[in-house]
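Secondary and tertiary structure notes
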Amino acid sequence: MTDSALPDADHVVRYARFIDILDDGTLNCSAFQLRKTESGLSVNWLECFSDKTKLQQLDEVRRLTRLTMKRSGRLAELNVGITRKNVGRLLEELRFIHMPLDADENFEADPSHSEIVGLPPKDSPEADMIGDLIANCVIEVHPAVV
C-alpha cells in the first residue's frame, strides 16, 4: 500500500513538540498545521505493524522516526475515519495517504510514514480552525520517549 489512502478504521500518530502541548495535556492547533515548506503533515500509521500490539507499534514508530523526539514531546493518536468525518465537513479534500520512506545512509526504511494532505497553508485564515478540529479528534496522547 503505497501512496494510497489509509483505511478509516486505522490510526496514526503525530509527534507534538512541548510548545504544542497545553497545560491540561491536550494539543493546540499548531501541532496540526503545515509548516511553510510542507505539502502534507507527517504522521505514522500504526496498523502498518499489524502483527504487533499497540505498545509495540508505538515502539516501532519511535525506533524508526527520523525526528529527534524529546521527553517533553508527545505522540498524538488519531483515528483516520473519525478525523476525516469531523474535519471533512469543512475540508472535503482532507486525506490520509501512506507514503513510506526508503532506507538511506542514515536511516532504516520507515514503512509506517504517512501524510495528512489537503490542509490549508499555515498562514491562511482556516489553518487555526482546521488545526483545532484535528486536535479535538485526538483519542490518546502517548509519551514520545519512554
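For clarity, every value in this text was computed on a predicted model and none was experimentally measured.

Things to note about the packing of helix α2 (residues 80–88) against helix α3 (residues 126–135)
Running from amino to carboxyl end, α2 crosses α3 at an angle of 145°, the nearest separation of the two axes being 9 Å. Judged by the twist between their axes, the crossing of α2 over α3 is right-handed. Contacts between α2 and α3 involve Thr83, Asn86 and Val87 from the former and Ile130, Leu133 and Ile134 from the latter. Taken together, the residues of the contact of α2 with α3 sort by class into four nonpolar, two polar and no charged.

A word on helix α1 (residues 54–64)
Every buried residue of α1 is listed here: Gln57, Leu58, Glu60, Val61, Arg62 and Leu64. Structurally, α1 contributes buried residues whose contacts are with β1 (11–16), β2 (40–45), β3 (74–79) and β6 (138–143).

Considering the pattern of salt bridges
Under the counting rule described, the total for this entry stands at eight salt bridges. Measuring nitrogen to oxygen at the nearest pair gives 2.9 Å for the salt bridge that ties Arg84 to Asp8. Of this pair, Arg84 sits in helix α2 while Asp8 sits in the segment before β1, placing them 76 residues apart in sequence. You can call Asp8 partly exposed: its relative accessible area is 38%. Via salt bridges that share partners, Glu60, Arg63 and Glu108 belong to a single interconnected network.

Reading the values: rules and limits
- Residues numbered from 1 in each chain as written.
- Predicted model: local features only at pLDDT ≥ 70, side-chain atom pairs only at ≥ 80, totals over all residues.
- Heavy atoms only, no water.
- Axes fitted to C-alpha atoms, helices over the stretch in contact; angles between N-to-C directions.
- Helix = DSSP H or I, 4+ residues; strand = E, 2+ residues; numbered from the N terminus.
- Left-handed = near helix turned anticlockwise from the far one by under 90°.
- Contact = heavy atoms within 4.5 Å.
- Nonpolar A, V, L, I, M, F, W, Y, C, P; charged D, E, K, R; others polar.
- Buried < 20%, exposed > 50% of the residue type's maximum accessible area, 1.4 Å probe, protein only.
- Salt bridge = Lys/Arg side-chain N within 4 Å of Asp/Glu carboxyl O.

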